[in-house]
Amino acid sequence: MKLINDLGRHTAAHKDEIAAAVAKVIESGWFVLGPETAAFEQEFAAYCSVSACVGVANGTEALELALRALGVGAGDRVAGVANAGGYGLHAMRAIGALPSYVDVDDTSLNMSPELLDRLLKSDGRAIRAVIFTHLYGNTAGLEAVAQVCARHGAPLVEDCAQAHGAVVAGKKVGSWGVLGCFSFYPTKNLGALGDGGAVVTADEGLAGRLRQLRQYGWGKSKYVSELPGARNSRLDEIQSAVLRVKLRHLDGWNARRRVIAQRYAQGLAGLPVRVPLDHTAAADPGYVAHLYVLRTPRRDALRAHLKNQGIGTDIHYPVPDHKQPSCPSESAITPLPVSENLAIEVLTLPCYPELADIEVDAVTGAVHAWARAG
Ligand SMILES: Cc1ncc(COP(=O)(O)O)c(C=O)c1O
């Protein structure tokens, strides 16, 4: 258990299916924007219950192109959270847009609907879009944030990079916002064998703009660029073929992730650590346990203890966006006490579908030993 996510085990479990899909692409001689990508886009759009999916090169460009498709430009403000790894900030920086940070709720660790409402009341006209990140595979707060956005007429962009397949009130993530952005980085719940991403939407006009934005701004005519801000950001055929195989397993993997998270929650109950879930979460389709993250003010000591036991951990994320050296000085920084505290307290434990119950128990046992030692 040296790794929080063992991709070797994950891929080995489906090696033959994946190898056959890759071989088919190699034999076809068609490697970019061909039949596999078209089929994956159709299948993933149907999976998310929307009409369109546009494959792109990675999740960060999915966010950037989504903002561009909405018309966000240089100097515009975008609301987002500061505890989600800085990907939204990169997307905004590429455009020259500026972040307006909203603190997260201390329980869900997602954007606080109340604080978003306050921001949109005070500064609503300046905010051109709201990015809601389903952090760690947890969708809590989405419905309330969607309502706040609708009330203020602010376009909602979902960052679903950590929540593929999660369902809220019967609707898949990605279908709640005007646009839903996904990363298929290999560690994600649905991961490629390299980089990949997608934007899903029920708005055909936005889908058309995204298709142009991902390929040099070309519209009806090849080699005629119609849109500023366009580039090459394409999902390739091999990755699409791999994703088509893996999409068939996603719901099963998510179910197993939830069981692991529930086992952690039960195993860690009563210890001086805060866990993200109650014990009923294994039945909650709104949670897909992308990362299992606990909280303790003695995070660094626990991390060192687990390392000594041969247990890998990570920190998601150690530096909030507004403290990143690349964060522009004109950013709107209201106090972000919860986000700042999380950077000090969070610790990510191993969590992936192939992790065995006995391994989960070994991790919780090691946390118990640490707590006993005081
Ligand atoms: C929440 C979130 N958003 C966006 C991204 C960016 O995705 P990518 O690494 O594919 O650019 C990631 C992943 O790395 C992520 O976790």
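A brief report on the enclosed structure follows.

How each quantity is defined
- Residues numbered from 1 in each chain as written.
- Predicted model: local features only at pLDDT ≥ 70, side-chain atom pairs only at ≥ 80, totals over all residues.
- Heavy atoms only, no water.
- Helix = DSSP H or I, 4+ residues; strand = E, 2+ residues; numbered from the N terminus.
- Expected span 1.5 Å × (residues − 1).
- Buried < 20%, exposed > 50% of the residue type's maximum accessible area, 1.4 Å probe, protein only.
- Arc of directions from axis to C-beta.
- Contact = heavy atoms within 4.5 Å.
- Salt bridge = Lys/Arg side-chain N within 4 Å of Asp/Glu carboxyl O.
- Phe/Tyr/Trp six-rings, centres within 6.5 Å; stacked < 30°, edge-to-face > 60°.
- Polar contact = N/O pair within 3.5 Å; in protein donor to acceptor, adjacent residues only side chain to side chain.

Right, let's talk about helix 13 (residues 357-373) for a bit. Turn by turn, an α-helix covers 3.6 residues, leaving residues three or four places apart pointing in a common direction. Relative to the 24 Å expected for 17 residues at 1.5 Å per residue, helix 13 spans 24 Å between its end C-alpha atoms, a close match to the ideal helical length. Burial in helix 13 covers these residues: Glu359, Val360, Val363, Thr364, Ala366, Val367 and Trp370. Projected down its long axis, helix 13 carries its buried residues within an arc of 150°, all on one side. Projecting away from the buried face of helix 13 at angles above 90 degrees are the exposed residues Ile358, Arg372 and Ala373. As for helix 13, its buried residues are in contact with helix 1 (7-12), helix 10 (250-268), helix 11 (299-308) and strand 11 (346-349). Directly after helix 13, the chain includes Gly374, whose backbone phi takes a positive value near 75°.

According to the stated counting rule, one finds 20 salt bridges in the structure shown. The closest approach of N and O atoms between Asp6 and Arg9, which form a salt bridge, is 3.6 Å. What makes Asp6 buried here is its relative accessible area of 18%. For Arg9, a relative accessible area of 29% corresponds to the partly exposed category. Here the salt bridges share partners, and the residues they tie into one network are Lys24, Glu36, Glu43 and Arg244.

With that settled, consider the packing of aromatic side chains. Considering all chains together, one arrives at 9 aromatic pairs under this definition. Arranged with centres 6.1 Å apart and planes meeting at 15°, the rings of Phe44 and Tyr47 form a pair that is stacked. Placement of both Phe44 and Tyr47 in helix 3 (residues 35-47) is noted, with a separation of 3 residues, approximately one turn of the helix. For the pair Phe44 and Tyr47, one class covers both residues: buried. When the centroid spacing of 6.4 Å and the interplanar angle of 80° are considered together, the rings of Tyr87 and Tyr317 count as edge-to-face. Highlighted residues: Tyr87 in helix 5 (residues 87-95) and Tyr317 in the loop between helix 11 and helix 12 (337-345), separated in sequence by 230 residues.

Looking now at the side chain of Thr201. Mapping Thr201 onto the fold places it in strand 9 (residues 197-201). On the basis of relative accessible area, Thr201 is assigned to the buried category, the value being 1%. Among the polar contacts made by the side chain of Thr201, one reaches the main-chain amide nitrogen of Asp203 at a distance of 2.9 Å. Contacts of Thr201, omitting those with residues within four sequence positions, involve Val50, Ser51, Ala52, Val178, Leu179, Leu206 and Ala207.

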